[in-house]
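# Report on the structure
This is what each chain is made of:
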Amino acid sequence: MSQGNVICMNGTMVPEAEAKIHVLSPAAKYGATVFEGICAYWTKDRRQMNIFCLPEHLRRLQDSVRILRIDCKMSNEKLTEAVVNTIAANGYKKDVHIRLSIWVAGSGPMESTGPTEWMCYVAERPDRPFENRGKNAVISSWRRIDDTSMPPRIKTAANYNNGRLAQIQAKLDGYDEALLLGPDGKVTEGTGACFFMVRNGRVVTPSITSGILESVTRASVIELARDAGFMVEERSIDRTEIYTAEEAFLCGSAYEVMPIVSVDRSPVGTGKIGPKTRTIWESYSAAVRGAIESRRGWLTPVEGVKALAAE
Ligand SMILES: Cc1ncc(COP(=O)(O)O)c(C=O)c1O
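Residues numbered from 1 in each chain as written. Predicted model: local features only at pLDDT ≥ 70, side-chain atom pairs only at ≥ 80, totals over all residues. Heavy atoms only, no water.

### Side note on the packing of helix α5 (residues 216–227) against helix α7 (residues 275–288)
Relative to each other, α5 and α7 sit at 110°, their axes nearing to 10 Å. Judged by the angle between their axes, α5 and α7 are roughly perpendicular. Seen along the crossing, α5 lies across α7 with a hand that is right-handed. Of α7, the residues touching α5 (which contributes Thr217, Val221, Leu224 and Ala225) are Ile280, Ser283 and Tyr284. (Axes fitted to C-alpha atoms, helices over the stretch in contact; angles between N-to-C directions. Helix = DSSP H or I, 4+ residues; strand = E, 2+ residues; numbered from the N terminus. Parallel < 35°, antiparallel > 145°, perpendicular 65-115°, else oblique. Left-handed = near helix turned anticlockwise from the far one by under 90°. Contact = heavy atoms within 4.5 Å.)

### Thoughts on the domain arrangement of the chain
Here the domain parsing of the chain yields domain 1 (6–127) and domain 2 (130–291). Facing 24 residues of domain 1, the contacting portion of domain 2 comprises 21 residues. In this assembly, domain 1 packs against domain 2 so that about 1900 Å² is buried in total across both faces, 59% of it on carbon and sulfur atoms. Seen at the junction of domain 1 and domain 2, the total is 2 salt bridges. The closest approach of N and O atoms between Arg125 and Glu256, which form a salt bridge, is 3.4 Å. For the interface between domain 1 and domain 2, the tally reads 13 residue pairs in polar contact (both at pLDDT 80 or more). Within the residue set of the side of domain 1 that touches domain 2, elements represented by two or more residues are β3 (33–43) and α2 (54–67). Per-element tally for the side of domain 1 that touches domain 2: the top contributor is β3, with 9 residues. (Domains from an automatic or database assignment. Buried area = accessible area lost by both parts, 1.4 Å probe. Salt bridge = Lys/Arg side-chain N within 4 Å of Asp/Glu carboxyl O. Polar contact = N/O pair within 3.5 Å; in protein donor to acceptor, adjacent residues only side chain to side chain.)

### A few points about the sheet that holds β3
With respect to topology, 7 strands assemble into an open sheet ordered β2-β1-β6-β5-β3-β4-β16, the strand pairing being antiparallel. Each edge of the sheet is formed by a strand with only one pairing partner; in this case those strands are β2 (12–15) and β16 (299–301). Strand after strand, the sheet turns through a mean of 30° between neighbouring axes, direction not considered. Sitting on the sheet, α2 is in contact with β3, β4 (48–52), β5 (96–104) and β16, with an inclination near 175° to β3. Against the sheet, helix α3 (residues 76–90) makes contact with β1 (6–9), β2, β3, β4, β5 and β6 (116–124), and its axis sits at roughly 40° relative to β6, the strand it touches most. (Pairing = 2+ DSSP bridges.)

### Some points on the pairing of strand β13 (residues 247–252)
Looking along a regular strand, one sees the side chains alternate between the two faces of the sheet. Extensive coverage of β13 is indicated by the burial of 6 of its 6 residues. Neither face of β13 is left uncovered, since the one carrying Glu247, Phe249 and Cys251 and the one carrying Ala248, Leu250 and Gly252 both have all their residues buried. Direction of pairing for strand β10 (residues 194–199) relative to β13: antiparallel, over a ladder of 5 bridges. The residue bridging Cys194 from the neighbouring strand is Cys251, located in β13. Bridging between β13 and strand β14 (residues 256–263) involves 4 bridges; their strand directions are antiparallel. In the strand pairing of β14, Phe249 is matched with Pro259. Linking two consecutive strands that pair antiparallel, namely β13 and β14, is a turn of 3 residues. (Buried < 20%, exposed > 50% of the residue type's maximum accessible area, 1.4 Å probe, protein only.)

### Remarks on the packing of aromatic side chains
For the coordinates displayed, the defined rule picks out 5 aromatic pairs. An angle of 55° between the planes, with centres 5.4 Å apart, marks the rings of Phe35 and Tyr160 as tilted. Taken together, the residues Phe35 in strand β3 and Tyr160 in helix α4 (residues 160–172) connect sequence positions 125 residues apart. Taking 5.2 Å as the distance between ring centres and 5° as the angle between the ring planes, the aromatic pair formed by Phe130 and Trp281 counts as stacked. Here Phe130, found in the loop between β6 and β7 (135–143), pairs with Trp281, found in helix α7; they are 151 residues apart in sequence, far enough to count as distant. Aromatic rings pair up to connect Phe52, Tyr284 and Trp298 into one cluster. Over the face of the ring belonging to Phe35 we find Arg99, whose NZ or CZ atom lies 3.8 Å from the ring centre. The ring of Trp281 has Arg133 sitting right over it, with the charged end atom 4.4 Å from the ring centre. (Phe/Tyr/Trp six-rings, centres within 6.5 Å; stacked < 30°, edge-to-face > 60°. Lys NZ or Arg CZ within 6 Å of the ring centre and 35° of its normal.)

So, in structure tokens, the structure goes:
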């Protein structure tokens, strides 16, 4: 199979240039679209492509559809088939990033809940050696959206203007990443990843009611950290706790495990990648490639291609 970007648009494989949406759709006008960013890993020795935590991503996508009141009744079976077939149709034998989106189509008003369309897109993901991943972060002056205005727990494109502003500001100011405080001044998350720190030997992360995305990677990192024998606390975090933390990192499907070596120009711990962060990364990278027997259930293998009926 040849490589190339073939997009699955409403059940039909089309070349990228032909995958279009209506400029007057509520998706384009108001950001009425929900999505997932999912990773699939190619394991060379077994010549096997595995999707990481696909059911968990689909569960969150269905939550996003429900919360944003989008009239989409696609089943998880159908979505799974679309993801598997799009990976197979593009023929990648490399690690890939998958984007699965559902949106309000047509040209209706702001409160439209349908008609809906969907697409699945797959692209090669760059390999970033862990040793080069240490990032300098800043506490953003932008506050994180909260559940009383925009629901941070789900993935809707409109939410991302919040992170976009923070990330633009961080980059302009010479940092790599922004961390956002919530309206209560407590630490929430990064612009595209969840936050963890190690303080007094414990691995600490804000709870899922702290104005964060209900991250799939966060949930697996918590389990892997516990497997490694670390104490994990899900609780609110004060800004100044980060200045006295031993280690800090971000995690997410795209970020995987991304060490933070300084915050506000103050080194985190030694200012180098910490040992617990490294252990968690090693377990994570082993789990996504099927090297941890007890965690193989997190993987969905990409095998044969089935005919895709249009929805
Ligand atoms: C704001 C935000 N937080 C956290 C995450 C991590 O979520 P996940 O682990 O499900 O990819 C993401 C991922 O895109 C994100 O955009």
